[in-house]
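Take a look at the letters that make up each chain.
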Amino acid sequence: DGGITQSPKYLFRKEGQNVTLSCEQNLNHDAMYWYRQDPGQGLRLIYYSQIVNDFQKGDIAEGYSVSREKKESFPLTVTSAQKNPTAFYLCASSLTGRRTDTQYFGPGTRLTVL
Amino acid sequence: EDKVVQSPLSLVVHEGDTVTLNCSYEVTNFRSLLWYKQEKKAPTFLFMLTSSGIEKKSGRLSSILDKKELFSILNITATQTGDSAVYLCAVIDDKIIFGKGTRLHILP
């Protein structure tokens, strides 16, 4: 089955710990994205990557880091520098990095910091 | 500042009713508008609109864009409980901007 997978579904971490969220796609899409969704707010872009080995900061990149070593994978690390990391994290991909491309989403990871 | 505003924020109707969800936007270089349905997890793509006045239709859902008045509507006719979800509108200019969503709840 083609699609985007994210793991884990739920994640709990203690304050001060870094944690990495996984995102994998087998759609052969060039571009991948990470969003954060908070109650009552729209999706906010954290990082995006239009091509392997390249990525750009989104609107709220502080306290996060990413890598794009493989086309299929775009892991997001939530570092201890992120002040309010508890949120629902969504990964998306699009066929190319063109601005008009539709983005397709993974199932999300709900991160709770204790 | 670029923005996308959806209304209403939430809506409760009875099964069988017709609903209209609104999305207005102000962006610098509009390219397209997207509608997504988000149930418990990932938003699933519904429509992409790029041209004014052309209705996109899929079953009981339809959507249209007005680029002059800078808004789009999403219509759902003969609603069913399975339509209960958050409906997200997003606009692409030089980036994608999401609205906060409309939470729709259909009562049986």
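Source: prediction; values computed, not measured.

(A) Region of the structure containing the pattern of salt bridges. All names here are of chain A. Evaluated as defined, the whole model comprises six salt bridges over all chains. Asp30 is the salt-bridge partner of Lys71, the closest N and O atoms lying 3.2 Å from each other. Within this pair, whereas Lys71 is found in the loop between β7 (64-66) and β8 (76-78), its partner Asp30 is found in the loop between β3 (19-25) and β4 (31-37), the two being separated by 41 residues in sequence. Residue classification places Lys71 among the partly exposed residues on the basis of a relative accessible area of 24%. Of the charged contacts in the structure, one is a salt bridge between Arg44 and Asp38, with a shortest N-O distance of 2.8 Å. Given the relative accessible area of 10%, Asp38 is considered buried.

(B) Representation of the sheet that holds β8 of chain A in the model. Residue and element names in this part refer to chain A. Spatially, the four strands line up as an open sheet ordered β1-β3-β8-β7, and their pairing is antiparallel. Each edge of the sheet is formed by a strand with only one pairing partner; in this case those strands are β1 (4-7) and β7. Geometrically, the sheet is characterised by an average inter-axis angle of 20 degrees between neighbouring strands, direction not taken into account. The pairing of β7 with β8 spans three bridges and is classified as antiparallel. Looking across to β8, one finds that Tyr64 is bridged to Val78.

(C) Spotlight on the pairing of strand β11 (residues 102-107) of chain B. Residues and elements named next belong to chain B. Only one face of β11 is covered, namely the one carrying Thr102, Leu104 and Ile106; the face carrying Arg103, His105 and Leu107 has none of its residues buried. Where strand β9 (residues 85-92) meets β11, three bridges bridge the pair, whose relative direction is antiparallel. Residue pairing for β11: Ala85 is matched across the bridge by Leu104.

(D) View of the side chain of Gln82 of chain A. Along the chain, Gln82 of chain A turns up in the loop between β8 and β9 (87-94). Other than its neighbours up to four places away in sequence, Gln82 of chain A contacts Arg36, Glu62, Gly63 and Tyr64 of chain A.

(E) Spotlight on the interface of chain B and chain A. Taken together, the contact pairs 19 residues of chain B with 19 residues of chain A. Carbon and sulfur atoms make up 61% of the surface buried where chain B meets chain A, a total of about 1600 Å² over both sides. It is Arg31, Lys41 and Phe98 of chain B in chain B that bury the most area against chain A; as a group they hold 27% of the surface buried on that side. Viewed at the interface, chain A and chain B are joined by two residue pairs in polar contact (both at pLDDT 80 or more). It is strand β4 (residues 32-38) of chain B that provides the largest number of residues to the side of chain B that touches chain A, a total of four residues. When grouped by side-chain class, the residues that make up the side of chain B that touches chain A number ten nonpolar, three polar and six charged.

(F) Quick peek at unusual backbone geometry. Cis geometry is adopted by the peptide bond preceding Pro8 of chain A, which originates at Ser7 of chain A and carries an omega value of -10 degrees. The residue Pro8 of chain A is located in the loop between β1 and β2 (10-13) in this model. For the bond from Ser7 of chain B to Pro8 of chain B, the omega torsion is -10 degrees, close enough to zero to count as cis. Topologically, Pro8 of chain B is positioned in the loop between β1 (3-7) and β2 (10-14). Backbone geometry places Asn53 of chain A, a non-glycine residue, at a positive phi of 65 degrees.

(G) Structural detail: the packing of aromatic side chains. Summed over the entire model, instances satisfying the criterion amount to twelve aromatic pairs over all chains. Taken together, a centroid distance of 6.4 Å and an interplanar angle of 25 degrees make the contact between Tyr33 of chain A and Tyr35 of chain A stacked. Classification of Tyr35 of chain A as buried rests on a relative accessible area of 0%. Between Tyr35 of chain A and Phe105 of chain A the ring centres are 5.7 Å apart and the planes differ by 45 degrees, which places this aromatic pair in the tilted class. With Tyr35 of chain A in strand β4 and Phe105 of chain A in strand β10 (residues 104-105), this pair connects stretches of sequence that are 70 residues apart. The exposure classification of Tyr35 of chain A matches that of Phe105 of chain A, with both residues buried. Members of the aromatic cluster, each reached through a chain of ring pairs, are Tyr33, Tyr35, Tyr48, Tyr104 and Phe105 of chain A together with Tyr36, Phe45 and Phe98 of chain B. The ring of Phe74 of chain A has Arg68 of chain A sitting right over it, with the charged end atom 6.0 Å from the ring centre.

The rules we used
Residues numbered from 1 in each chain as written. Chains lettered and ligands numbered in written order. Predicted model: local features only at pLDDT ≥ 70, side-chain atom pairs only at ≥ 80, totals over all residues. Heavy atoms only, no water. Salt bridge = Lys/Arg side-chain N within 4 Å of Asp/Glu carboxyl O. Helix = DSSP H or I, 4+ residues; strand = E, 2+ residues; numbered from the N terminus. Buried < 20%, exposed > 50% of the residue type's maximum accessible area, 1.4 Å probe, protein only. Pairing = 2+ DSSP bridges. Axes fitted to C-alpha atoms, helices over the stretch in contact; angles between N-to-C directions. Contact = heavy atoms within 4.5 Å. Buried area = accessible area lost by both parts, 1.4 Å probe. Polar contact = N/O pair within 3.5 Å; in protein donor to acceptor, adjacent residues only side chain to side chain. Nonpolar A, V, L, I, M, F, W, Y, C, P; charged D, E, K, R; others polar. Phe/Tyr/Trp six-rings, centres within 6.5 Å; stacked < 30°, edge-to-face > 60°. Lys NZ or Arg CZ within 6 Å of the ring centre and 35° of its normal.

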